[in-house]
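Reading the structure
Chain by chain, the residues run as shown.
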Amino acid sequence: KTEVTQELWESVMGNNPSAIKEGKNLPVVNVSWEDCQQCVKKLNALTGRKFRLPTEAEWEYAARGGRYSRHTTLSGSIYTVQVAAYIDNASSKVVPVKKYLANELGIYDMSGNAWEWCQDSYAPYSEAAVTDPYVNEPGEMRVMRGGSAASRWDACRVSNRSGIPASSMKGTFGFRLAL
């Protein structure tokens, strides 16, 4: 339902890479795609479950509200201030999860707050019709979705995507889990 919090990261990894540590309910940030993979591996060993990063297609389906979608530009609303921590209301600093409205599926912060790593390698979209595409090819570029507290409103649109090197870390790069 939320981005991975600093509290969860610390309980699994034993540290907190985030620069702002003002609360356990802040999303963990300053993590690379590679760091996320290590966290997922350790979390799975601790819990016996099979957590992972969402695929890009899963991420977008969830952000759009799944079969309950109201077809909004952002995840859960047409108004950025209702659903997203972004540059105009967060001044480039992540905020506690669940501060803004959830989308149709009860999922929070899919627009804004922290950019979210997806499992996929970054590649141009296929021109052919594809159902539930997943690209996992060797290479450094990985998909990020959702925009962040340092983004303009248009980067928080559910259709926006970025290709970022897997080793990159930034104070607005986080993730969420899929099961």
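Read on for an overview of the structure. Just so we're clear, the structure is a prediction, and the values are computed from it rather than from any experiment.

The next subject is the overall build of the protein. Of regular secondary structure, the protein possesses five helices and four strands. Traced from its N-terminal end to its C-terminal end, the protein shows the element sequence α-α-α-α-α-β-β-β-β. Since a compact globule built from 179 residues should have a radius of gyration of about 16 Å, the 15 Å found for the protein is in line with a globular shape. For the protein, the residues scored as buried account for 49% of the 179 residues in total. By sequence separation, contacts in the protein at least 24 residues apart represent 68% of the contacts at least 6 residues apart.

Reading across from one edge, 3-2-1-4 is the order of the four strands in this open sheet, with mixed pairing throughout. Two strands bound the open sheet, and with one partner strand each, they are strand 3 (161–165) and strand 4 (173–174).

Next up on the list: the environment of Met 13. As for its position among the elements, Met 13 is in helix 1 (residues 6–13). Placed 81 residues apart in sequence, Met 13 and Val 94 show a C-alpha to C-alpha distance of 20 Å. Apart from the residues within four sequence positions on either side, Met 13 is in contact with Gln 38, Cys 39 and Lys 42.

Further remarks concern helix 1. Of all the residues in helix 1, the buried ones are Gln 6, Trp 9, Val 12 and Met 13. All buried residues of helix 1 project into a common sector of 135° when viewed along the axis, lining one side. Phi turns positive, to about 80°, at Gly 14, one or two residues after helix 1.

Quick look at the pattern of salt bridges now. For the structure shown, the criterion picks out nine salt bridges. A salt bridge links Glu 104 to Arg 70, with the nearest nitrogen and oxygen atoms 3.8 Å apart. With a gap of 34 residues between them, Glu 104 in the loop between helix 5 (87–90) and strand 1 (115–121) and Arg 70 in the loop between helix 3 (56–63) and helix 4 (80–83) connect regions that are remote in the sequence. For Arg 152, the salt bridge is made with Asp 154, and the minimal N-O distance between the two is 2.6 Å. Given the relative accessible area of 22%, Asp 154 is considered partly exposed. Through salt bridges that share partners, Glu 56, Glu 60, Arg 64, Arg 145 and Arg 161 make up one connected network.

Within the secondary structure, Gly 23 is located in the loop between helix 1 and helix 2 (33–47). Counting along the chain gives 97 residues from Gly 23 to Asp 120, while the straight-line C-alpha distance between them is 30 Å.

Counting 20 residues, the largest nonpolar core has Trp 9, Trp 117 and Phe 175 as the members making the most contacts within it. At the level of secondary structure, the elements contributing two or more residues to this core comprise helix 1, helix 2 and strand 1. Ranked by the residues each element gives to this core, the list is headed by helix 2, at four residues. Excluding residues within four positions of it along the chain, Trp 9 makes contact with Val 4, Gly 14, Asn 15, Asn 16, Pro 17, Val 28, Val 31, Asp 35, Cys 39 and Phe 175. In terms of nonpolar packing, the next biggest core, distinct from the first, is built from eight residues, Ala 62, Ala 63, Cys 118 and Val 143 among them.

Cut-offs and rules
- Residues numbered from 1 in each chain as written.
- Predicted model: local features only at pLDDT ≥ 70, side-chain atom pairs only at ≥ 80, totals over all residues.
- Heavy atoms only, no water.
- Helix = DSSP H or I, 4+ residues; strand = E, 2+ residues; numbered from the N terminus.
- Rg over C-alpha atoms; globule rule 2.2 N^0.38 Å.
- Buried < 20%, exposed > 50% of the residue type's maximum accessible area, 1.4 Å probe, protein only.
- Contact = heavy atoms within 4.5 Å.
- Pairing = 2+ DSSP bridges.
- Arc of directions from axis to C-beta.
- Salt bridge = Lys/Arg side-chain N within 4 Å of Asp/Glu carboxyl O.
- Core = buried A, V, L, I, M, F, W, Y, C linked by side-chain atoms within 4.5 Å.

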